[in-house]
Amino acid sequence: MYDIIVIGGGAGGLTVAAGAASLGAKTAIIEKRESLGGDCLHYGCVPSKALIEAANEIYTARNVAYAGVKAEGKVDLGKVMKRVQESVTTIEEHDSIERFESLGVDVYLGAPEFTENRELFVNGEVLRGKKIVIATGSTVNVPPVEGLEEADYWTNETVFQQTELPERMAFIGAGPVGLEIAQSFARLGTDVTVFEGGATILKKEDRAIQKKAMEILEREMTIVTDARVQKVSSGSGETVVHYTKDGKEETLSTDRIFLAAGRKPNTEGLNLSQGGIVTNEKGFIDVDETLRTENPNVFAIGDVTGEMPFTHVAGEHGKLVVQNALFSLKRRMSYEAMPWNTYITPEIFHIGRTQEEAAEEYEDILVYETQLQDVDRFVSDHASEGFVKIITDVKGKILGAHAIGKGAGDWMQPVVAVMTEGKTIRDLSGMVYPYPNHAAALESTASQYWRQKLFSGVVPAVTKKVIRWLG
Ligand SMILES: Cc1cc2nc3c(=O)[nH]c(=O)nc-3n(C[C@H](O)[C@H](O)[C@H](O)COP(=O)(O)OP(=O)(O)OC[C@H]3O[C@@H](n4cnc5c(N)ncnc54)[C@H](O)[C@@H]3O)c2cc1C
Ligand SMILES: NC(=O)c1ccc[n+]([C@@H]2O[C@H](COP(=O)([O-])OP(=O)(O)OC[C@H]3O[C@@H](n4cnc5c(N)ncnc54)[C@H](O)[C@@H]3O)[C@@H](O)[C@H]2O)c1
């Protein structure tokens with residue numbers, strides 16, 4: 001009998017396995033692929049960020065003509081993807097089967113099914129666990145679009161092995177997956193069109209961020225919103241996308257479709273009902289705040305729960321579940337200070353509520369903003385497009401913070417620290433920012449709170465009197 005069995009060796013599952021084994025628990029992990037690491041390592045975060053960096057290098061090289069330097073030529077996609085795979089291979093060592101076995105974890109390669117509450121059947125063997133954790137992640141959602149199956153489309157699972165750069169590409173979906181990869185291909189030299197069924201791109205972002213991102217991205221590609229792709233027809237070497245826009249049917253010819261229409265949970269074959277586990281209407285596993293499923297001995301973490309599908313969230317889920325599962329605790333997951341970044345160029349940072357969500361939830365909110373064109377370092381970089389927005393309640397508690405700008409995913413990190421510590425916007429302005437760093441955009445935004453307090457109301461009236469009296 002294992003103390004804990006983990007199903008799925010990705011970001012969440014590996015956190016649980018490593019944590020449990022290091023605490024001395026008898027631990028097993030079951031992974032259906034031939035290697036550990038999950039989607040983030042093999043088909044998600046790592047290769048996509050490597051592709052973005054390569055595409056940005058090429059784009060930058062092509063845009064330095066002002067200095068008399070010219071870069072020309074057609075991109076060799078095979079060589080770009082080789083570089084992408086090098087990043088994966090280097091990071092993969094950290095997630096190797098050997099490393100996990102050396103930590104004391106029993107690794108099984110196979111796809112298990114529940115046979116009872118705390119019992120799994122895998123590769124002809126029965127495994128029993130006092131606690132079981134489902135961390136099987138998610139996969140690309142294939143929407144019911146006529147003709148899609150025959151269209152030989154690419155997804156995040158196939159794109160990083162490609163060698164031929166398409167002249168034209170059509171992306172279905174303008175979420176983070178679609179836009180990060182679409183911009184990369186646009187920067188490699190492909191003529192890109194993105195179709196989004198909803199009214200805006202990046203549906204979870206603050207409205208002003210969506211608007212700015214749209215304005216920037218449209219310079220490099222065509223984005224058609226309110227455009228639901230209904231049908232795809234293939235033949236004579238090209239693919240035709242049929243979509244509806246303003247009630248009218250339109251078509252676009254392309255060389256390759258990239259599908260980024262959301263995610264669906266990996267639950268197939270697990271026989272969840274046999275384990276007493278319940279899913280919601282979209283098929284994601286229902287969990288309570290302690291990440292327990294309907295069966296209190298079975299936990300679910302990461303993408304398979306449908307809660308904020310990010311690697312760091314799966315990791316935080318994993319850390320919580322090690323405690324709750326091994327020590328029968330009831331610690332709750334909090335998403336209050338959970339950030340995420342979208343790695344388009346320039347990057348987007350998001351934490352907490354959007355302005356629209358804050359306004360709905362609170363009677364009075366305060367909004368502080370800085371345009372990057374007012375921050376010296378962005379001006380000297382010639383990268384001054386973007387802004388920072390911090391939303392607080394009347395006492396300065398940060399309800400949400402958002403930024404779009406060069407490197408925003410890194411220099412906005414102090415906001416995460418402040419929110420995690422339960423501090424306020426005052427604490428953001430109370431630290432020293434070495435001149436001229438990019439984070440000065442935050443200092444400038446946070447200091448508006450003080451300026452508002454100091455230069456309006458009773459404070460200036462009192463200080464005026466004190467200065468006169470002293471003088
Ligand atoms: C293109 C792309 C880019 C992304 N970029 C980012 C990013 O920059 N930052 C970020 O935070 N997030 C990013 N994400 C999201 C991130 O990849 C996921 O949130 C993260 O991988 C979820 O971790 P997980 O452990 O839940 O699932 P996974 O990491 O996918 O792991 C699940 C594992 O379970 C295995 N499995 C599935 N079914 C079974 C079964 N029946 N039996 C046994 N094993 C099974 C799978 O093979 C896999 O190894 C990106 C996603 C995509 C698609
Ligand atoms: N930087 C990051 O952290 C990062 C990067 C990539 C992905 N991710 C994670 O992966 C998750 C999934 O991202 P995603 O982009 O696949 O999903 P998403 O749900 O964010 O976006 C999919 C989009 O496809 C559109 N769509 C669906 N069917 C359509 C159709 N027939 N025609 C036109 N549009 C259609 C939807 O309206 C939606 O806006 C994200 O929520 C994010 O958590 C994170």
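As recorded by UniProt, the Sequence similarities (unreviewed entry) comment attached to the chain reads in full: "Belongs to the class-I pyridine nucleotide-disulfide oxidoreductase family."

Undergrad: Lay out the domain arrangement of the chain with the relevant residues and their values.
TA: Domain boundaries in the chain define domain 1 (2-37 + 95-140 + 264-327), domain 2 (159-261) and domain 3 (346-458). Between the C-alpha centres of domain 1 and domain 2 the distance comes to 34 Å.

Undergrad: So what's going on with the site of ligand 2? Residues and values would help.
TA: What surrounds ligand 2 is a group of 26 residues, the closest being Glu180, Glu196, Gly197, Pro309 and Asn341. Here an oxygen atom of ligand 2 and a side-chain polar atom of Glu196 are 2.6 Å apart. At 3.0 Å, a side-chain N or O of Lys204 approaches an oxygen atom of ligand 2. The fraction of the free accessible surface of ligand 2 (860 Å²) that becomes covered by protein chains is 86%. Of all the elements in the fold, those that place two or more residues in the shell around ligand 2 are α6 (176-188), β11 (227-235) and β17 (339-342). Considered class by class, the residues forming the shell around ligand 2 number 12 nonpolar, seven polar and seven charged.

Undergrad: Requested: an account of the UniProt feature "domain: Pyridine nucleotide-disulphide oxidoreductase dimerisation" (unreviewed entry) in the chain, with residues and values cited.
TA: Listed under "domain: Pyridine nucleotide-disulphide oxidoreductase dimerisation" (unreviewed entry) in the UniProt record, and renumbered for this structure, are residues 338-443. Note that residues 338-443 is 32% helix and 28% strand, and that its end C-alpha atoms are spaced 21 Å apart.

Undergrad: Got a sec to walk through the state of the cysteines? Specific residues and values, please.
TA: Under the counting rule described, the total for this entry stands at one disulfide. Two residues, Cys40 and Cys45, share a disulfide whose sulfurs are 2.3 Å apart. Looking along the S-S bond of the Cys40-Cys45 disulfide, the torsion reads about -130°, which is the left-handed sense. Judged by relative accessible area, Cys45 falls into the partly exposed class, the value being 27%.

Cut-offs used in this document
- Residues numbered from 1 in each chain as written.
- Chains lettered and ligands numbered in written order.
- Predicted model: local features only at pLDDT ≥ 70, side-chain atom pairs only at ≥ 80, totals over all residues.
- Heavy atoms only, no water.
- UniProt positions renumbered as here; feature names shortened; annotations may be inferred.
- Domains from an automatic or database assignment.
- Near = heavy atom within 4 Å.
- Polar contact = N/O pair within 3.5 Å; in protein donor to acceptor, adjacent residues only side chain to side chain.
- Areas by Shrake-Rupley, 256 points an atom, 1.4 Å probe, with all protein chains shown as cover.
- Helix = DSSP H or I, 4+ residues; strand = E, 2+ residues; numbered from the N terminus.
- Nonpolar A, V, L, I, M, F, W, Y, C, P; charged D, E, K, R; others polar.
- Disulfide = S-S within 2.5 Å.
- Buried < 20%, exposed > 50% of the residue type's maximum accessible area, 1.4 Å probe, protein only.

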